[in-house]
Amino acid sequence: MSVLVLLLVVANVLGVAMIVPQAVRLRRGSSLAGVSVVWIGLSAALNGWWLVYGVAASVWGVVPVSIGGLALYVWMLRGAVSIAGAVAWRSAALGAAMPSTTVAPVVVVGGWATAGLVIGLWYGVQFAPAAWSVIRSVRVDGVSPATWLMAWTEAVIWFVYGLDVGDGALLVGGGGGAVMATVILVRLATVRVAEAPAQPSSRPRRRNADTVSA
C-alpha cells in the first residue's frame, strides 16, 4: 500500500471517527456548553456537498467519509435537539444554509471545478462557528477534545493529500480546517488548565452556569 493510499484511508476513518465522541456526548449528556449547533448544521450540509462534488468530479476519495459524516452529523443534531428543543433546529438550518446558498449558484455558473474550490473554502471555515462558541463560552464541558484532536489530524492529512494530487479544494479546506481545529484545541487546553485547582482549598468554589451556544 502506497503512502498516499494509506493517508486517504486514515483521512476517511478519522473523518467519520472524529464525529463520534461529540455525537455520543450530546446523545448521552444534558449540556450544550461550548457546542455550536450552527456548526452541526453547517457540517451536515457540507458533507452533503462534498459527497456530490466527489461523485461529479470523480474525486472518489472524499465519498466514503462524506456519507459517514453526513449520517453522524444528523445523529448529533438529534442529540442537540433533545437538549435544546426547537431552537436547535433553527440554528442548524441557519448553518446548513450558509454553504448551500453559495455553492449551488457557483455550480450553475462555473461548474464543479469552481464549485470544488468554494466547497474547500467552506471546509476551511466549517469549524469557525465551533471555534467562536468555544472561545466565548465560560464552560466547555459539552465539547469533546477527542473530536477536535481527530479533526486536526484529518484536516492536515487532507491538506497533504490535496498537495500531492493537486486538488485546490482539499488544499484550501485542509489548511483552513487545521487552523480552526488548532484554535479550538488551544482554547480547550487553556480552560482546563485554568479550572484545575493549584492547591487543595477548604473554601467551596462557585460553579459557572452552562453556556448554551447557537
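Here is a short report on the structure shown in this document. Predicted, not measured: the structure shown is a model, and the values here were computed from it. (Residues numbered from 1 in each chain as written. Predicted model: local features only at pLDDT ≥ 70, side-chain atom pairs only at ≥ 80, totals over all residues. Heavy atoms only, no water.)

Observations regarding the overall build of the protein chain
Line of reasoning, step 1. A tally of helices and strands in the protein chain yields eight helices and zero strands.
Line of reasoning, step 2. Moving toward the C terminus, one meets the helices and strands of the protein chain in the order α-α-α-α-α-α-α-α.
Line of reasoning, step 3. Within the protein chain, the proportion of its 214 residues that are buried is 45%.
Line of reasoning, step 4. For the protein chain, long-range pairs separated by at least 24 residues make up 81% of all intrachain contacts whose partners lie at least 6 apart in sequence.
Line of reasoning, step 5. Carbon and sulfur atoms make up 69% of the accessible area of the protein chain, which amounts to about 10300 Å² in all. (Helix = DSSP H or I, 4+ residues; strand = E, 2+ residues; numbered from the N terminus. Buried < 20%, exposed > 50% of the residue type's maximum accessible area, 1.4 Å probe, protein only. Contact = heavy atoms within 4.5 Å. Areas by Shrake-Rupley, 256 points an atom, 1.4 Å probe, with all protein chains shown as cover.)

Observations regarding the nonpolar core
Line of reasoning, step 1. Ranked by internal contacts, the top residues of the largest apolar core, which has 54 residues, are I40, W50, F127, W148 and W158.
Line of reasoning, step 2. Only α1 (3-17), α2 (19-28), α3 (37-56), α4 (63-84), α5 (86-125), α6 (128-136), α7 (145-165) and α8 (168-195) provide two or more residues apiece to this core.
Line of reasoning, step 3. Here this core takes nine residues from α3, the largest share from any one element.
Line of reasoning, step 4. Excluding its chain neighbours within four sequence positions, the residues that come into contact with W148 are Q22, W39, F127, A130, V143, A181, I184, L185 and L188. (Core = buried A, V, L, I, M, F, W, Y, C linked by side-chain atoms within 4.5 Å.)

Here's the deal with the pattern of salt bridges
Line of reasoning, step 1. A complete count under the given rule lists one salt bridge for this structure.
Line of reasoning, step 2. A salt bridge links R139 to D141; the shortest N-O distance between them is 2.8 Å. (Salt bridge = Lys/Arg side-chain N within 4 Å of Asp/Glu carboxyl O.)

Overview of α4
An α-helix turns once per 3.6 residues; consequently, residues spaced three or four apart project the same way.
Line of reasoning, step 1. For α4, with 22 residues, the first-to-last C-alpha span of 31 Å sits near the 32 Å given by 1.5 Å per residue.
Line of reasoning, step 2. Those residues of α4 hidden inside the fold are in contact with α1, α2, α3, α5 and α7.
Line of reasoning, step 3. Directly beyond the C-terminal end of α4, a positive phi value near 80 degrees is found at G85. (Expected span 1.5 Å × (residues − 1).)

Thoughts on a nonpolar patch on the surface
Line of reasoning, step 1. On the surface, a nonpolar cluster with roughly 370 Å² of combined accessible area is contributed by W132, I135, V179 and V183.
Line of reasoning, step 2. Listed by contribution, the elements that provide at least two residues to the nonpolar patch are α6 and α8.
Line of reasoning, step 3. For W132, the location among the structural elements is in helix α6.
Line of reasoning, step 4. Residue classification places W132 among the exposed positions, given a relative accessible area of 54%. (Patch = residues over 30% accessible without salt bridge, like charges linked within 9 Å, V, L, I, M, F, W, Y side chains within 5 Å.)

Focus: unusual backbone geometry
In terms of backbone geometry, most residues other than glycine have negative phi values and most peptide bonds are trans.
Line of reasoning, step 1. In the Ramachandran plot, S58 falls in the positive-phi region, its phi being about 60 degrees despite a non-glycine side chain.
Line of reasoning, step 2. By secondary structure assignment, the location of S58 is in the loop between α3 and α4.
Line of reasoning, step 3. On the accessibility criterion, S58 (46% relative accessible area) is partly exposed.

Comments concerning the packing of aromatic side chains
Line of reasoning, step 1. A complete count under the given rule lists nine aromatic pairs for this structure.
Line of reasoning, step 2. Relative to W148, the ring of W39 has its centre 5.1 Å away and its plane inclined at 45 degrees; by these criteria the two rings are tilted. Of this pair, W39 sits in helix α3 while W148 is found in helix α7, placing the two residues 109 residues apart along the sequence.
Line of reasoning, step 3. Exposure remark for W39: the relative accessible area of 2% places this residue in the buried category.
Line of reasoning, step 4. Arranged with centres 6.3 Å apart and planes meeting at 80 degrees, the rings of W50 and Y123 form a pair that is edge-to-face. Of the two residues, W50 is situated in helix α3 and Y123 in helix α5; the sequence distance between them amounts to 73 residues. You'll find W50 and Y123 in the same group, each marked buried. (Phe/Tyr/Trp six-rings, centres within 6.5 Å; stacked < 30°, edge-to-face > 60°.)

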